[in-house]
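# Coordinates in review
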Amino acid sequence: MTLSEISKLTEDEAREMLERIMWPNGPVCPHCGCTDGHTKFAGKKHRAGVWKCNSGCGEQFTVTLNSIMEASHISIRHWLMAFALICSAKKGVSALQLQRQLGLGSYRSAWHLAHRIRHAMSQEPLAGLLRGDVEADETYVGGKPRKAGTHKVGEFRGGRSSIKTPVVVLVERNGRSRAFATTDAKANTLAPILRANVDPSSRLLTDEWRPYIRIGREFKGGHQRVSRGKGEYARGDVHVNTAESWNALLKRGIMGSFHHVSKKHLHRYCNEFSFRWNYRKTTDGARTEVAVKAAKGKRLMYREPAKII
Ligand SMILES: [Zn+2]
């Protein structure tokens, strides 16, 4: 399901595509879970895409019920196009770009659409711990750029003392990633994130940032550090180059596509970049399908109008 394929579909065809993705074995009633005996309402009297659960609860349902697309005034065709755009753009897509490419009426609709898709891309916390060789590193996002020459003597990782928001990224070598926007990069913040996401049998790889030392002792595979301060980038297979590539991608995305990301929403961008990274080895179409499927069972409501990109 590529962007150009989806853009040629009618709304009915787009809905049928969504039904095929969400219900590969035929319609499932979201109210009672029953899987057969459903009839589709037809004719002009009925809203398109409404099914009736005959053998179960007798309720009506649509394919978008109980998903991020529920009660949306945006067409299914536009939803699928937005999924395809976001899933294939390495550096992300701004709300403005979405609005333009989809021809949406308002910036706000595009903004909400993008954030709902980011929400769909979020990973279940119990989806399995990262294991094997796991690199951990932080990057700093947002805030005003620091003035040149404000670094203290010996301060080689300026970001760590700046007002920017830290993002902690955990990356399996040749595998999956997870990223978290945090309040700081101190030991008490890093330890619970590592415990909740990295299997204790793993080998932890970090730079020499001291807050990793204590938590590092909990990993049976050991904790190895590369001394960035001494200009060392790798010692054999001890390095955090994978995590740094991940961070670079997030930074390029935020600078190139989003320009400004508020602290409040940064975790959603982390979801988005993590999702694309985790499915980087599949095609754009397959990645899009995974994201669309993940939209099921997730809702996201915003009470206040969004002011920030
Ligand atoms: Zn039912």
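Residues numbered from 1 in each chain as written. Predicted model: local features only at pLDDT ≥ 70, side-chain atom pairs only at ≥ 80, totals over all residues. Heavy atoms only, no water.

### Considerations on the packing of helix α3 (residues 76–88) against helix α5 (residues 107–120)
In a pair of packed helices, the angle between the axes and the distance between the axes together describe the arrangement. The following threshold applies: In this analysis, axes come from line fits to C-alpha atoms, helices being fitted only over the stretch in contact, and the angle between any two N-to-C directions falls in the range 0 to 180 degrees. Helix numbers and strand numbers start at the N terminus; a helix is a DSSP run of H or I with at least 4 residues, a strand a run of E with at least 2. Reported orientations rely on four angle classes, namely roughly parallel under 35 degrees, roughly antiparallel over 145, roughly perpendicular from 65 to 115, and oblique for the rest. Should the near helix be turned anticlockwise from the far one by less than a right angle, the crossing is termed left-handed; should it be turned clockwise, right-handed. What makes two residues a contact is simply this: any of their non-hydrogen atoms within 4.5 Å. Gly falls in the polar group here, along with every residue not listed as nonpolar (Ala, Val, Leu, Ile, Met, Phe, Trp, Tyr, Cys, Pro) or charged (Asp, Glu, Lys, Arg).
At a minimum axis distance of 10 Å, the contact between α3 and α5 shows a crossing angle of 65°. When the interaxial angle is binned, α3 and α5 end up roughly perpendicular. As α3 packs across α5, the resulting crossing turns out to be right-handed. Only Leu113, Ala114, Arg116, Ile117 and Ala120 of α5 make contact with α3, whose side of the interface consists of Trp79, Ala82, Phe83 and Ile86. Counted by class, the contact of α3 with α5 contains 8 nonpolar, no polar and 1 charged residues.

### Concerning the sheet that holds strand β5 (residues 165–172)
Going by this rule: Whether two strands pair depends on DSSP finding at least two bridges between them.
What the 5 strands build is an open sheet, ordered β6-β5-β4-β7-β8; its pairing is mixed. The sheet is open, and its two borders are formed by β6 (177–181) and β8 (223–226), each paired with just one other strand. The sheet shows a mean angle of 20° between the axes of neighbouring strands, taken without regard to direction. Judged from the 3 bridges that link them, strand β4 (residues 133–141) and strand β7 (residues 203–207) form a sheet pairing that is parallel. When the sheet's bridge partners are listed, Asp133 is paired in β7 with Arg203. Of the strands in this sheet, β4, β5 and β6 are in contact with helix α8 (residues 241–258), which crosses β4 at around 30°.

### Observations regarding helix α9 (residues 266–278)
Going by this rule: In this scheme, a helix's expected span is set at 1.5 Å multiplied by one less than its residue total. Three labels apply to residues, based on accessible area from a 1.4 Å probe with only protein chains included: buried if under 20% of the type maximum, exposed if over 50%, partly exposed otherwise in between.
Its 13 residues place the ends of α9 18 Å apart at the C-alpha level, agreeing with the 18 Å of an ideal helix rising 1.5 Å per residue. For α9, the set of buried residues is Leu266, Arg268, Tyr269, Cys270, Asn271, Glu272, Phe273, Ser274, Phe275, Arg276, Trp277 and Asn278.

### A closer look at the packing of aromatic side chains
We apply this condition: Side-chain rings of Phe, Tyr and Trp, where Trp is taken by its six-membered ring, are said to pair if the distance between their centres is within 6.5 Å; with planes under 30 degrees apart they count as stacked, over 60 as edge-to-face, and otherwise as tilted. Charge-over-ring contacts are defined here by two conditions on Lys NZ or Arg CZ: a distance within 6 Å of the ring centre and an angle within 35 degrees of the ring normal.
For the structure shown, the criterion picks out 4 aromatic pairs. On the numbers, 5.8 Å between centres and 85° between planes, the contact of Trp23 with Phe61 is edge-to-face. Of this pair, Trp23 sits in the loop between α2 (11–22) and β1 (38–40) while Phe61 sits in strand β3 (residues 60–61), and the two are 38 residues apart along the sequence. Here the aromatic rings of Trp79 and Phe83 are separated by 6.4 Å at their centres, their planes lie at 40°, and the arrangement is tilted. Taken as a pair, Trp79 and Phe83 lie in helix α3 at a separation of 4 residues, close to a single helical turn. Each member of the pair Trp79 and Phe83 is classed as buried. Between Arg276 and the ring centre of Phe273, over which it is positioned, the NZ or CZ distance is 4.7 Å.

### Concerning unusual backbone geometry
In this structure, Ala71 takes a positive phi of about 60° despite not being glycine. Here Ala71 lies in the loop between β3 and α3. Classification of Ala71 by relative accessible area gives exposed; the value is 75%. Here Asn174, not a glycine, exhibits a phi torsion of approximately 60°, which is positive. Along the chain, the position of Asn174 falls in the loop between β5 and β6. Of the residues examined, Asn174 reaches a relative accessible area of 67% and is grouped as exposed.

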